[in-house]
Amino acid sequence: MDGSNWQKIDLFEYQINIRSSVMRPISRRCAGFLRSLSLRCCKNVEDDSLRSLTKYCPNLEELDLNGCIAITDSAGVYLSERCSKLKRLDLRSCTRITDLTLTHLGRGCPLLESVSLSYCGNITNAGLYRLTLNCSGIERLYLDYCSNIDDTGLVHIA
């Protein structure tokens, strides 16, 4: 069976313990066909899983990592280097990401339209500025409970 029918995968809460050893075969099978992936609430998804995903699935347009609490800035680097077609990205509650992720996404994912960063307490006005510098098409930006973002940061995106 090839992966041409696998354009959208939703593992929401189904595989909360998913590891790289599972993500690698899924990524290979879907190869360039996968456009949308939800790993929402898969708390054990780590950067290594994202490295495999981005290596084999460069055509991703939608990625939901809401609640993937093990994800760090390395994931942002992988996404920016290999998934330039990304339009929607949900990083809600990915509490280990910082401005570094936003900087890389701003450079490598210029097609972003919707980004959720709610509950990401380590991002600041500077990171928000770097994200929006090259991503002028962002129409929806969610920043609920981002305590280090204030009016100064929002002025840059107005």
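Structure first, text after, so check above.
Residues numbered from 1 in each chain as written. Predicted model: local features only at pLDDT ≥ 70, side-chain atom pairs only at ≥ 80, totals over all residues. Heavy atoms only, no water.

Peer 1: Help me understand the layout of surface pockets, please; the structure alone is not making it clear to me.
Peer 2: The method is simple in principle: a probe with the dimensions of a water molecule rolls over the atoms, and the space it marks as empty is what remains. Here the largest pocket defines a volume of roughly 250 Å³. Here the residues of the lining of the largest pocket are counted per class, giving six nonpolar, five polar and seven charged. (1 Å grid on protein atoms, 1.4 Å probe; cavity = no way out; pocket = protein on both sides within 12 Å on 5 of 7 lines; lining within 4 Å. Points joined across faces, edges and corners; volume = space filled by probe spheres on them. Nonpolar A, V, L, I, M, F, W, Y, C, P; charged D, E, K, R; others polar.)

Peer 1: When you look at helix H4 (residues 99-108) in this model, what are you seeing that I'm missing?
Peer 2: In an α-helix, one turn spans 3.6 residues; hence positions three or four apart end up facing the same way. Most of H4 is tucked away: eight of the ten residues are buried. For H4, the complete set of buried residues consists of Asp99, Thr101, Leu102, Thr103, His104, Leu105, Gly106 and Gly108. Buried residues along H4 sit in contact with helix H3 (73-82), strand E4 (88-90) and helix H5 (125-134). (Buried < 20%, exposed > 50% of the residue type's maximum accessible area, 1.4 Å probe, protein only. Helix = DSSP H or I, 4+ residues; strand = E, 2+ residues; numbered from the N terminus. Contact = heavy atoms within 4.5 Å.)

Peer 1: I would appreciate a short explanation of the packing of aromatic side chains in the present structure.
Peer 2: Applying the stated rule across the entire model yields one aromatic pair. Consider the rings of Tyr119 and Tyr145, whose centres lie 4.9 Å apart with planes at 15 degrees: the pair is stacked. Highlighted residues: Tyr119 in the loop between strand E5 (114-116) and H5 and Tyr145 in the loop between strand E6 (140-142) and helix H6 (151-155), separated in sequence by 26 residues. Judged by its relative accessible area of 43%, Tyr119 falls in the partly exposed class. By relative accessible area, Tyr145 is classed as exposed at 64%. (Phe/Tyr/Trp six-rings, centres within 6.5 Å; stacked < 30°, edge-to-face > 60°.)

Geometric values such as these leave the question of function open.
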